[in-house]
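The chain contents come next:
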Amino acid sequence: MRLSRYLLPVAKESPADAQIVSHKLMLRAGLVRQTAAGIYAWLPLGLRVLRKIEKIVREEQDRAGAVELLMPTLQSADLWRESGRYDAYGPEMLRITDRHEREMLYGPTNEEMITALFRDAARSYRDLPRTLYHIQWKFRDEVRPRFGVMRGREFLMKDAYSFDMDEAGARHSYNKMFVAYLRTFARMGVRAIPMQADTGPIGGDLSHEFIILAPSGESEVFYHANWEKPVDLGAIDTEDAGVLQQVVSGLVADYAATDEKRDPEREAATGDLLRTSRGIEVGHIFYFGTKYSEAMGMAVQAKDGTSVVPHMGSYGIGVSRLVGALIEASHDDAGIIWPEEVAPFKVGLINMRVDDETCTRVADDMYQKLTGLGVEVLYDDRDERGGAKFATMDVIGLPWQLVIGPKGLASGVVELKNRRTGEKQELSLDSALERLTG
Ligand code: ATP
Ligand code: MG
């Protein structure tokens with residue numbers, strides 16, 4: 001992408017209304033713009049990050065055997081009356097009336113809709129277990145939307161729902177998702193710690209929140225220092241219910257603690273390995289039994305001919321919140337430092353002198369070669385001073401910066417900078433190309 005034809009409104013100053021670093025940087029780096037309280041337009045660069053996060057989430061859901069579908073944002077109030085949540089939900093639900101005076105709402109979540117869909121499609125034990133998911137915008141009329149996309153009113157969520165014949169099956173589905181979540185966040189270059197959680201208004205008896213540690217986080221967390229090391233998920237067989245159960249309960253029992261569940265005995269055993277921090281909730285999973293299936297009259301035929309009410313779980317990931325959370329976890333004074341897997345582009349190519357014929361020919365050529373080899377390049381071909389170009393690249397945080405200027409070219413070299421380490425290297429054009437494509 002040529003920057004001269006892109007939309008990247010970078011700002012020097014930190015916007016006054018932004019309190020936390022990710023919100024400031026998202027505005028400064030031209031990722032989003034607020035269009036109404038808690039509602040954001042995703043500008044081109046921000047959209048690329050959002051899509052990459054979405055892609056990782058999707059791949060790991062698919063890998064865990066979940067099946068993607070897409071439900072609408074608008075729902076009918078009657079659907080929510082079936083579960084009894086229409087009146088219970090409160091002012092966070094945005095209620096809308098259509099021209100025929102029918103009551104509608106902008107979905108804050110989709111338990112009711114998925115239960116209705118699956119109820120009408122599933123007949124017998126052959127149709128179960130199933131885990132279905134979608135990645136769709138939600139609306140919650142938060143009292144105090146703040147911190148940019150981290151607590152918006154409209155936000156993008158991946159929500160999955162599992163249906164099993166019994167509790168043992170449902171726990172297996174839950175454990176599969178648990179491991180899928182650890183994999184998902186690890187691929188984004190962050191550690192998300194699972195914490196036992198309250199089930200809240202969704203109801204039920206088993207729940208974990210996945211928390212990214214960051215000083216600006218809204219919740220205080222206690223955790224075992226072991227969580228600071230990566231968990232090896234490679235060999236876990238998610239189809240073997242026994243193994244999976246052992247792995248998950250092992251992880252939970254050994255490592256997690258929450259402030260409601262502080263246990264003096266365990267703390268004594270943990271000793272100085274107990275850590276305290278602030279954290280951002282990026283995912284939340286629940287097992288809630290037959291709460292919705294029962295209320296909404298769902299039943300399927302078991303092998304022995306009896307009728308069974310399926311056991312359900314639901315599994316959320318805050319896809320748009322993650323854009324902010326990843327920045328909270330990875331930045332420096334100059335700007336964002338994107339982990340490679342979610343970076344909007346891999347390389348920022350800087351042409352130091354667009355008025356210099358050789359310089360421009362070489363930079364154009366490098367741009368062609370890199371993009372031809374499938375590398376995602378943002379090419380700063382604007383007629384701007386070098387200093388401004390460096391500052392732009394630093395604030396938007398692409399993993400690599402490749403600088404092409406007349407001085408270096410005179411001795412046959414270009415400069416490659418690693419955004420995370422700050423390390424700079426002078427390389428020949430060919431070696432630079434090799435480094436970025438290897
Ligand atoms: P929170 O406790 O932060 O309000 P929640 O418990 O209400 O979140 P869930 O219903 O568990 O949220 O939703 C699943 C995920 O959606 C959360 O883990 C979070 O990452 C994300 N999420 C929830 N509310 C918002 C919001 N207002 N803005 C952005 N993301 C959100
Ligand atoms: Mg939650």
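None of these values were measured; they are calculated from a predicted model.

Draft legend 1. Geometry of empty space enclosed by the protein. All told, the structure shown has two cavities of 30 Å³ or more when counted by the stated rule. Forming the walls of the second largest cavity are Y40, W42, W137, V149, G152, E154, F155 and S320. Broken down by secondary-structure element, the contributors of at least two residues to the lining of the second largest cavity are β2 (39-42) and β8 (154-164). For the lining of the second largest cavity, the class distribution of residues is five nonpolar, two polar and one charged.

Draft legend 2. Looking closely at the packing of aromatic side chains. Under the definition given, this model contains eleven aromatic pairs. Considering the side-chain rings of Y106 and F139, the 5.4 Å spacing of their centres and the 45° angle between planes classify their relative orientation as tilted. Of this pair, Y106 sits in strand β6 (residues 103-106) while F139 is found in strand β7 (residues 130-139), placing the two residues 33 residues apart along the sequence. Since its relative accessible area comes to 6%, F139 is described here as buried. Residues F178 and F210 carry aromatic rings whose centres are separated by 5.4 Å and whose planes lie at 65° to one another, so their mutual orientation is edge-to-face.

Draft legend 3. Inspection of the domain arrangement of the protein at higher detail. Along its sequence, the protein is organised into domain 1 (3-336) and domain 2 (347-437). If you average the C-alpha positions of domain 1 and of domain 2, the two centres end up 38 Å apart. With 16 residues of domain 1 at the interface, the matching set in domain 2 holds 13 residues. Summed over both sides, the interface between domain 1 and domain 2 buries roughly 1,200 Å², with carbon and sulfur atoms accounting for 57% of that surface. Viewed at the interface, domain 2 and domain 1 are joined by three salt bridges. Taking the shortest distance from any N to any O, the salt bridge between R419 and D332 comes out at 2.7 Å. At the surface where domain 1 touches domain 2, the tally comes to ten residue pairs in polar contact (both at pLDDT 80 or more). Contributing elements (two or more residues each) for the side of domain 1 that touches domain 2: α1 (21-28), α2 (44-63) and β18 (335-336). When residues of the side of domain 1 that touches domain 2 are assigned to their parent elements, the largest contribution, three residues, is made by α2. The class makeup of the residues in the side of domain 1 that touches domain 2 is nine nonpolar, three polar and four charged.

Draft legend 4. Spatial organisation of the site of ligand 1. Residues in close proximity to ligand 1 total 14 residues, the closest being R140, E142, R151, G152 and E281. Taking E142, its side chain carries an N or O atom lying 2.8 Å from a nitrogen atom of ligand 1. At 3.0 Å, a side-chain N or O of R321 approaches an oxygen atom of ligand 1. Out of a free accessible area of 580 Å², ligand 1 has 83% covered by protein chains. Within the residue set of the shell around ligand 1, elements represented by two or more residues are β8 and β13 (274-289). Broken down by element, the shell around ligand 1 gets its largest block of residues, four residues, from β13. In terms of residue class, the shell around ligand 1 is built from five nonpolar, four polar and five charged.

Draft legend 5. Main features of the environment of A192. Relative to the assigned elements, A192 resides in strand β9 (residues 192-196). Since its relative accessible area comes to 6%, A192 is described here as buried. Residues within four places of A192 in sequence aside, it is in contact with L182, F185, F210, I211, I212 and V282.

Draft legend 6. Region of interest: the sheet that holds β6. Ordered in space as β4-β6-β5, the three strands form an open sheet in which the pairing is antiparallel. Each edge of the open sheet carries a strand with a single partner, namely β4 (74-76) and β5 (94-97). Going across the sheet, the axis of each strand differs from the next one's by a mean of 35°, ignoring polarity. Two elements, β5 and β6, share four bridges in a ladder whose sense is antiparallel. Note on β6: the bridge partner recorded for L94 is Y106.

Draft legend 7. Up close: the sheet that holds strand β23 (residues 424-427). With respect to topology, five strands assemble into an open sheet ordered β20-β19-β21-β22-β23, the strand pairing being mixed. Each end of this open sheet is capped by a strand with a single partner; those strands are β20 (377-380) and β23. Along the sheet, successive strands turn relative to each other by an average axial angle of 20°, direction set aside. Relative to strand β21 (residues 400-404), strand β19 (residues 347-351) runs parallel, the two sharing five bridges. The residue bridging V347 from the neighbouring strand is W400, located in β21. Running over the sheet, helix α14 (residues 429-437) touches β19, β21, β22 (414-418) and β23 and is turned about 130° from β23.

Here is what the cut-offs are and how they apply
Residues numbered from 1 in each chain as written. Chains lettered and ligands numbered in written order. Predicted model: local features only at pLDDT ≥ 70, side-chain atom pairs only at ≥ 80, totals over all residues. Heavy atoms only, no water. 1 Å grid on protein atoms, 1.4 Å probe; cavity = no way out; pocket = protein on both sides within 12 Å on 5 of 7 lines; lining within 4 Å. Points joined across faces, edges and corners; volume = space filled by probe spheres on them. Helix = DSSP H or I, 4+ residues; strand = E, 2+ residues; numbered from the N terminus. Nonpolar A, V, L, I, M, F, W, Y, C, P; charged D, E, K, R; others polar. Phe/Tyr/Trp six-rings, centres within 6.5 Å; stacked < 30°, edge-to-face > 60°. Buried < 20%, exposed > 50% of the residue type's maximum accessible area, 1.4 Å probe, protein only. Domains from an automatic or database assignment. Contact = heavy atoms within 4.5 Å. Buried area = accessible area lost by both parts, 1.4 Å probe. Salt bridge = Lys/Arg side-chain N within 4 Å of Asp/Glu carboxyl O. Polar contact = N/O pair within 3.5 Å; in protein donor to acceptor, adjacent residues only side chain to side chain. Near = heavy atom within 4 Å. Areas by Shrake-Rupley, 256 points an atom, 1.4 Å probe, with all protein chains shown as cover. Pairing = 2+ DSSP bridges. Axes fitted to C-alpha atoms, helices over the stretch in contact; angles between N-to-C directions.

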